[in-house]
Every structure is written in structure tokens, then in C-alpha cells.
Amino acid sequence: MYVGFTSGTTSLPKAFLQTQDAWLNSFNASTEEFGIKSGDSILITGRLNYGFSLYPAIEGLFRGATIYILKKHDISKISKIMTERTKLTIYSVPTILFDIVQEIEEKDIICNNVNKIITSGAKLENILSTKINKYMPNANIFEYYGASELGFVSVRKLSENKNAKGSVGVPFKGVEIQVRKRKDMNSKIGEIWVKSKYISFGYLFNNGTPAFHKDGEWATVGDLGYIDNSELFIIGRQEDMIISGGNNIYFSEIEDVLKSMDGISDAVATWKNDKRLGQLLCVILITSKSITYTDIYTYCEKHLPHYKIPKKFYQCTSFSRNNNDKVSRKIITDNIERGEYYELQ
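None of these values were measured; they are calculated from a predicted model.

(A) Broad picture of the overall build of the protein chain. Across its full length, the protein chain carries 8 helices and 22 strands. In summary, the protein chain has a C-alpha radius of gyration of 20 Å against a globular reference of 20 Å for 345 residues, a match within 12%. The C-alpha extent of the protein chain, read off along each of the three principal axes, is 60 × 55 × 40 Å. By residue count, 51% of the 345 residues in the protein chain fall in the buried class. A separation threshold of at least 6 residues defines the contact pool for the protein chain, and within that pool the share at least 24 residues apart is 62%. Each charge sign in the protein chain was given a centre, from 43 positive and 39 negative side chains, and these centres are 2 Å apart.

Given below as C-alpha cells:
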């Protein structure tokens, strides 16, 4: 039995139990999906206490690949490995891929040795995938959705360009997916349930109200989404939705609209308590050029219903991350309460 920890994106990391059989089943499926084999080189950019990094390290060794793991986050060393090693596969979350691309873009390096990029943990933005294609022209990009508790759920191969915008792909090999409707959601969106041989045994300590639930062979971590033409679309978790003035508002929808605006590099939506609305929608922005409150609000009016327009806009130079280099909404929300961001007015 293996004990791992969840990433802690929405709460404190939780210890979960995984059987050896579940990992072996995952190895066989991911080998078919990603084509990892003996003689490959695998560069892992994250810490091994994070399942997304530990898993490919073990699978790679199991298959006879060579594994490269850095003691610390060093983009210069990462880019050096990318230019020196052949048949290279990179496992990285989008935030680190952004840093890598920025480094090789500044140095104008073309990394022809990168054969595959496998990413998860957050949505890979189109602008980033376009730059990856430019500076790593031989790389097949795989984006998968999963969870520590569930294992692999779906996969999207960007090079095939067959998946719809916003999709996280089709069910991973050996996975069945159900979207179970809930009364408090519209007819399209529901809770994502998964059936596979990759699901974990459960939590080591059942503290609080964990999101992981089982129903026979099916399991969920509370993620919300919908299926359209056999493709899975993720809205977020219950924690990624607020009820403001009686209306359900999903953070991902607000973030997608704002990130489509010229001059906004990234956006994270969150909330503050409000006596009138209950929960007040706020957004923290990273901008690439001078931009005003009026500019942003006018853009939102064109693309969002009035009740979904954020009531507060904040600006910062970088987002707070947790120990696994994933953007932490919880830390960002706490920073708002402490007044650590500049408010646009």
C-alpha cells in the first residue's frame, strides 16, 4: 500500500491510500496513451511529494527510462537538459511550463529534442500551447485531467487538434465517466463520477468533510462538469463556485472571459463575504500592459451577464503558489483579506 498526499490546491493536503495493483493498472494504461518506453528520458519539474511528479518517476523506472529530477526549481537547468537530452518527455504543470517557455523564448532556443509534454493540474492556455509548438516543434502535447484519489480520468492530445475548445478530452483508457445531475445546478452541469481500476483506497485520516466519495465501483472528488459529444468539460469543484445574490457563479467562466481580453495575462476569481449578496465576486489580475477599471468592466459587460461581472478587481505581478507550484486560490483569498493587492477603481 502506498500513502500519498493530494496537491492541496483548495485545502490542506490529505493523505490517501493507493494499492500496488492500482498503480500497475495505471502504468499499463498510461504507457498506451503516452507511449513511455525503455530508453526514453523523462524530465520531472516538480517535487516528489506531489503525485503528479512521483507517478512518472516510478512509471519511468518501471519501463526502463532515465529520470531527471532537480533538487530545486531551476529553469536554467531545465532548459539545459532540454537541449542536451534526446527522446525527452517533460512532466510539468502549466505554471512551470510558462516559466520554461519564457526562458527559452528570451534566449531564442529551439528545443528539437523534446518529444512529449505531459501536463495536468490546471488548464493549458492556448497562448502557452502555441508557444510550446514554436519552441518545441517536435513535441506532442498531452493534457490529462485526473485527481490523486481517482487516478487518470480523461486525456487530450493537442497535436491532433480534434477536441473542442475548453475540453479536457475523452475518457482515459479503462475509464468510464458519468455526470450526475444535481438539483441546484442547470440541466447540463453535474458532479463527475468515475469508474476505473485506478481509484484509490481512500483517505488515511477521515478528517473534516472530504470531497472523495464512493458509490460501489464509482467515485468522485466533487468536481463539476458536463459531457458534450463524448468530451468532458470541467467547470471546477463546489469550492470553485459561489452563490452571489442567489445566483450560481462558476469561477472558471469568469476567468476564461477575462483571460481572453487583450492586456490580461492571467486571472484568478475568488470571493469576499458581503452582507447584501452573501458572497462578493472578486478577480485578481496579472496584466501585460496598462489597463483601467473602466476598460475591464466594459469588456465584462460585453461578455458576461450583469450578475456575473466581478464587483472587485485587483492587480498583482504574480500569483501565490502552493508547494507543488499550483496557483492557490485559498492563499490568494487570504491575501485579499490582508489588503496585499492593489485594487483597481
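Text resumes after the structure shown.
(B) Expanded view of the sheet that holds strand β8 (residues 151–157). With respect to topology, 7 strands assemble into an open sheet ordered β4-β3-β5-β6-β7-β8-β9, the strand pairing being mixed. Each edge of the open sheet is held by one strand with a lone partner, namely β4 (66–69) and β9 (170–171). In terms of strand pairing, strand β6 (residues 114–119) meets strand β7 (residues 140–147) through 4 bridges, oriented parallel. Residue threonine 119 lies in a different strand from β7, and its bridge partner there is glutamate 143. Contacts from helix α1 (residues 20–34) reach β5 (88–91), β6, β7 and β8, with the element oriented near 5° to β8.

(C) Layout of the packing of aromatic side chains. If you walk through the whole model with that rule in mind, you get 16 aromatic pairs. For the ring pair phenylalanine 34 and tyrosine 144, a centre distance of 6.1 Å and an interplane angle of 40° mean the geometry is tilted. One end of the pair, phenylalanine 34, is in helix α1; the other, tyrosine 144, is in strand β7, with 110 residues separating them in the sequence. Each member of the pair, phenylalanine 34 together with tyrosine 144, is buried. Geometrically, the ring pair formed by phenylalanine 152 and phenylalanine 172 is stacked, given 4.2 Å between the ring centres and 5° between the ring planes.

(D) Structural context of the pairing of β7. With 6 of 8 residues buried, β7 lies mostly within the body of the structure. Handedness of the crossover joining β6 and β7 through helix α5 (residues 126–135): right-handed. Here β7 runs beside β8; their pairing, made up of 6 bridges, is antiparallel. Looking across to β8, one finds that tyrosine 144 is bridged to valine 155.

(E) Broad picture of the sheet that holds strand β21 (residues 312–315). Ordered in space as β19-β20-β21-β22, the 4 strands form an open sheet in which the pairing is mixed. At either margin of the open sheet sits one strand with a lone partner, and together these are β19 (264–274) and β22 (342–344). Neighbour-to-neighbour, the strand axes of this sheet turn through a mean angle of 35°, independent of strand direction. Note that β19 and strand β20 (residues 278–287) share 10 bridges and pair antiparallel. Bridged to lysine 272 within β20 is leucine 280. Relative to β19, helix α8 (residues 329–337) is tilted by about 65°, and along the sheet it contacts β19, β20 and β21.

(F) Representation of the packing of α1 against helix α2 (residues 51–63) in the model. Close contact between α1 and α2 brings their axes to 11 Å; oriented N to C, the two are set at 75°. The angle between α1 and α2 places the two elements in the roughly perpendicular class. Contacts between α1 and α2 involve Trp23, Leu24, Ser26, Phe27, Asn28, Ser30 and Thr31 from the first element and Leu54, Tyr55, Ile58, Glu59, Phe62 and Arg63 from the second. For the contact of α1 with α2, a count of residues per class yields 7 nonpolar, 4 polar and 2 charged.

(G) Focus on the nonpolar core. Among the nonpolar cores identified, the biggest contains 63 residues, and Phe34, Met82, Val114, Ile132 and Met136 are the most heavily contacted of them. Grouped together as the second largest cluster of nonpolar side chains are 21 residues, Ile264, Ala269, Val283 and Leu285 included.

(H) Region of interest: α8. When we look at burial in α8, the residues that qualify are Ile332, Thr333, Asn335 and Ile336. One face of α8 carries all of its buried residues, which in axial projection span an arc of 160°. Check the buried side of α8 and you find it contacts β19, β20 and β21. Glycine 339, located one to two residues past α8, shows a positive phi value of around 70°.

(I) The arrangement of the pattern of salt bridges in detail. Under the definition given, this model contains 17 salt bridges. Its salt-bridge partner being lysine 37, residue aspartate 40 comes within 3.7 Å of it at the nearest N-O pair. Residue lysine 37 is classed as partly exposed on the basis of its relative accessible area of 45%. For the salt bridge of aspartate 262 with lysine 289, the shortest nitrogen-to-oxygen distance reads 2.7 Å. You can see aspartate 262 sitting in the loop between α6 (251–259) and β19 and its partner lysine 289 sitting in the loop between β20 and α7 (293–303), a full 27 residues away along the chain. Residue aspartate 262 is classed as exposed on the basis of its relative accessible area, which comes to 58%. One connected set of salt bridges, linked through shared partners, spans Lys80, Glu84 and Arg85.

Conventions adopted
Residues numbered from 1 in each chain as written. Predicted model: local features only at pLDDT ≥ 70, side-chain atom pairs only at ≥ 80, totals over all residues. Heavy atoms only, no water. Helix = DSSP H or I, 4+ residues; strand = E, 2+ residues; numbered from the N terminus. Rg over C-alpha atoms; globule rule 2.2 N^0.38 Å. Buried < 20%, exposed > 50% of the residue type's maximum accessible area, 1.4 Å probe, protein only. Contact = heavy atoms within 4.5 Å. Lys, Arg positive; Asp, Glu negative; His and termini not counted. Charge placed at Lys NZ, Arg CZ, Asp CG, Glu CD. Pairing = 2+ DSSP bridges. Axes fitted to C-alpha atoms, helices over the stretch in contact; angles between N-to-C directions. Phe/Tyr/Trp six-rings, centres within 6.5 Å; stacked < 30°, edge-to-face > 60°. Right-handed = clockwise from strand over helix to strand, strands pointing away. Parallel < 35°, antiparallel > 145°, perpendicular 65-115°, else oblique. Nonpolar A, V, L, I, M, F, W, Y, C, P; charged D, E, K, R; others polar. Core = buried A, V, L, I, M, F, W, Y, C linked by side-chain atoms within 4.5 Å. Arc of directions from axis to C-beta. Salt bridge = Lys/Arg side-chain N within 4 Å of Asp/Glu carboxyl O.

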